[in-house]
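One letter stands for each residue in the lines below.
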Amino acid sequence: MTAQLIDGKKIAQQVREEVALAVGRRVSSGKSIPTLATVLVGNRADSAAYVASKSKACMELGMGSLSEHLPEDATQAEVEALVKKLDADPEVHGILVQLPLPAHLDEEKVLSLISIEKDVDGFSPLNIGRLAQKGREPLFIPCTPSGCVYLLEKSGVKIEGAHVVVLGRSNIVGLPVSLLLLARNATVTICHSRTKNLADVIRQADILIAAIGKPEFVRGDWIKPGAAVIDVGINTIPDPTKKSGKRLVGDVNFPEAKEVAGYITPVPGGVGPMTIAMLMKNTLAAAELQSS
Ligand code: NDP
């Protein structure tokens, strides 16, 4: 292996410790406990697991957690009423609606009810708009993208002037991570399902951010020697050698890529742990913003 492994688990743990210390200081100064409310609608096992790990993280860091769960057939009015109630509650500092919502619900309408001060996911158009404009500051940066940038910075990868190729243009990963890197003076190329000669574009990347949800899609010979590779993908593939019969892989073929890249994140243990750490950081920042 030639690449230096970027240990997301370790770096996320450091962020969590910093947040826990700051929470302790805040609470001992008489201020309220930073509290995150999560809203889960329906019975998706993956969504339930994500929400549970976010609540667990809150508890571990001395933060408050309020878990709301509505049934699969909850109406638009019921979901909206819950989000409005949480938004008006002064003891709730951040609101996270776990996506995707069941298909009959209007996701955009639900998310628009979260005020910008409590939008710890950073997905509101106002936050993304501020992220996109020069000289403007978003209140919260979406957690997975900020986790990717944090990993690069902590690993000493130079972003300014680097050619970054972002594979994927979703609202939650590809687009915001592109904007963040552009703001750090990288030259950013965004690729998607209609991009031509994808492998050739990726070969030009000093930094590759892969976020498409396709198992081991990026091959080792697409990677520029020495490049930094941040693999956001989380995909389950069959593996008869495992007791569970499956395992997690990223969007990059790790065994091939680690022989060429200069830096690489593993899956699991790379970007994944950073997402929750950044959510905790955002929740603390939300409490500070709302103060008292
Ligand atoms: P989306 O499905 O929302 O977006 C996928 C993007 O990839 C789209 O822009 C799509 O292009 C592009 N794409 C799909 N297929 C190809 C292809 N063959 N060639 C080039 N581009 C392609 O995914 P997300 O952004 O939500 O998630 C991406 C991955 O990251 C998933 O594996 C997800 O599980 C993971 N993830 C991990 C997180 C973490 O904490 N580590 C958090 C969030 C996501 P187009 O726009 O043209 O359709």
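Summary of the structure given here. Sequence order sets the numbering: in each chain, residues are counted from 1 along the sequence as written. In keeping with the model being predicted, local features are shown solely for residues with a pLDDT of at least 70 and side-chain atom pairs are shown and tallied solely at 80 or more, while totals for entire chains, interfaces and linings include all residues. Hydrogens and water are ignored here; the side-chain numbers use all heavy atoms of the structure.

## Points about unusual backbone geometry
Line of reasoning, step 1. The omega torsion across leucine 99 and proline 100 is 0 degrees, close enough to zero to call that bond cis.
Line of reasoning, step 2. Cis geometry marks the peptide bond from valine 267 to proline 268; its omega dihedral reads 0 degrees.
Line of reasoning, step 3. The way it works is that DSSP assigns letters per residue, a run of H or I at least four long becomes a helix, a run of E at least two long becomes a strand, and they are numbered from the N terminus. Mapped onto the fold, proline 268 is located in the loop between strand 11 (263-264) and helix 10 (271-290).
Line of reasoning, step 4. Positive phi outside glycine occurs at asparagine 185, with the angle close to 70 degrees.
Line of reasoning, step 5. Unusually for a residue other than glycine, glutamate 216 sits at a positive phi of about 50 degrees.
Line of reasoning, step 6. Mapped onto the secondary structure, glutamate 216 falls in the loop between strand 7 (207-210) and strand 8 (228-231).

## Some thoughts on the site of the ligand
Line of reasoning, step 1. Proximity criterion: a residue is near a molecule or strand once any of its heavy atoms comes within 4 Å of it. Taken together, 22 residues sit near the ligand, with Arg169, Ser170, Ser193, Ile234 and Thr275 positioned nearest.
Line of reasoning, step 2. For the purposes of these results, a polar contact is taken to be a pair of N or O atoms within 3.5 Å, where, inside protein, one atom must be able to donate a hydrogen and its partner to accept one; residues adjacent in sequence count only when each atom of the pair is a side-chain atom. A distance of 2.7 Å separates an oxygen atom of the ligand from a polar side-chain atom of arginine 169.
Line of reasoning, step 3. The method behind every accessible area is Shrake-Rupley, applied with a 1.4 Å probe, and residues are considered shielded solely by the protein chains displayed. For the ligand, whose accessible area on its own is 930 Å², the fraction buried by protein is 71%.
Line of reasoning, step 4. With respect to the pocket detection grid, the ligand is positioned in the largest pocket.
Line of reasoning, step 5. No other element matches the 3 residues that helix 10 contributes to the shell around the ligand.
Line of reasoning, step 6. Of the residues that constitute the shell around the ligand, the class distribution is 10 nonpolar, 10 polar and 2 charged. Of the two site types, the cavity is a set of points on a 1 Å grid over the protein atoms alone where a 1.4 Å probe fits but cannot get out, and the pocket is an open set with protein on both sides within 12 Å along at least five of seven lines, each lined by residues with an atom within 4 Å of a point. Pocket occupancy is defined atom-wise: a molecule lies in a cavity or pocket when more than half of its atoms are within 2 Å of its grid points. Amino acids are sorted into nonpolar (Ala, Val, Leu, Ile, Met, Phe, Trp, Tyr, Cys and Pro), charged (Asp, Glu, Lys and Arg) and polar (every other residue, Gly among them).

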